[in-house]
Amino acid sequence: MQVWIGRNGERFGPYEESEVRQWLRDGTCRPEELGWYEGMTDWRPLGELFPDERPAPGAVPPTPPPPPPFMGVTESAEPEYAGFWLRFGAWVIDYLILMVPFTAISLAMGLGAAMTTLLSRIENDQTAAITAYATAVQPITYVLLVIGFAYYVFFESSKWQATPGKMAVGIRVTDVEGRRLTVARAAGRNAVRLVNAFTVLIPMVFYITAAFTQRKQGVHDLLASTYVLTGRADSTAAVPAADTRPGGRFDA
């Protein structure tokens, strides 16, 4: 028999009955935590499902007891997906963080001189002045794009699974199995951000889509097969590389 465990609003599993019994004996799972298995009509405390399993006399359960490993995002076990406003808040924080190096690099590469030249020439020949300015700032734009791209790829594929902005609002990025992103997947996901160099409308659509899709995925999430979940990686159970055990069905 395979058993699901409910903890802190999330569903974990399925696990073999023998594993759950052992966790009850050693204190990893508490009797008041909920459990469910095939055929049940509702969730019930583990202590009621396995009344003969109790911590051994004198045993000291871990504090706090670590949750069983989360076996991935499936149709049967879904975490809480981060909504549009949480993601927008994270973007604002990251934008403000990036503005510091962006400003310093832009000035070092001659943005100030380009603006001074633009203002001095725009009255005489507006078209020529704007063309000269666009040509002067083009290398700066490319450098900033590369830095921004590297920023998101590094942090989202790191052990934190999130940029500083995402960590600040308590969300993280995973693949569809709930695992940490590889560098290649993070790069593919964030390649979409390069569209910012060419248009303003499309990037807005990428994020607004997250407000309407079932699992709150933006276009870049759909293309890269990623999710943005609530909860920081350092406070969430790690997901193994793969789970070969058969999945259960959640009917409760």
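For the structure given in this document, a descriptive report is provided here. What you see is a predicted model, and the numbers here were worked out from it, not measured in a lab. (Residues numbered from 1 in each chain as written. Predicted model: local features only at pLDDT ≥ 70, side-chain atom pairs only at ≥ 80, totals over all residues. Heavy atoms only, no water.)

1. Things to note about the pattern of salt bridges
Keep this limit in mind: The term salt bridge refers to a side-chain nitrogen of Lys or Arg lying within 4 Å of a carboxyl oxygen of Asp or Glu. Strands are runs of DSSP state E lasting at least two residues, helices are runs of H or I lasting at least four, and both sets are numbered from the N terminus onward. Exposure is judged per residue with a 1.4 Å probe applied to protein chains only, and the accessible area is read against the type maximum: over 50% gives exposed, under 20% gives buried, and values in between give partly exposed.
A complete count under the given rule lists ten salt bridges for this structure. In this structure, the salt-bridge partner of E17 is R21, at a minimum N-O distance of 2.9 Å. Here E17 and its partner R21 are both found in helix α1 (residues 17-26), four residues apart, which amounts to about one turn of the helix. Residue classification places E17 among the partly exposed positions, given a relative accessible area of 22%. Each of R87, E156, K166, R189 and D221 takes part in one network of salt bridges that share partners.

2. Here we look at the packing of helix α3 (residues 84-108) against helix α5 (residues 126-156)
The condition is simple: Only the contacting stretch of a helix is used when fitting its axis, a line to C-alpha atoms as for every element, and angles between N-to-C directions run 0 to 180 degrees. If an angle is under 35 degrees, it is roughly parallel; if it is over 145, roughly antiparallel; if it lies from 65 to 115, roughly perpendicular; otherwise it is oblique. Two helices that cross are described as forming a left-handed crossing if the nearer one is turned anticlockwise from the farther one by less than a right angle, and a right-handed crossing if clockwise. In this description, contact between two residues means that some pair of their heavy atoms is separated by no more than 4.5 Å. Residue polarity follows a fixed list, in which Ala, Val, Leu, Ile, Met, Phe, Trp, Tyr, Cys and Pro are nonpolar, Asp, Glu, Lys and Arg are charged, and the others, Gly among them, are polar.
Packing of α3 against α5 brings their axes to within 11 Å, and their N-to-C directions diverge by 140°. Our classification of the angle between α3 and α5 gives oblique. As α3 runs across α5, the sense of the crossing is right-handed. From α3, W91, D94, I97, L98, F102, I105 and S106 reach across to α5, where they touch I140, V143, L144, I147, G148, Y151 and Y152. For the contact of α3 with α5, the per-class residue count stands at eleven nonpolar, two polar and one charged.

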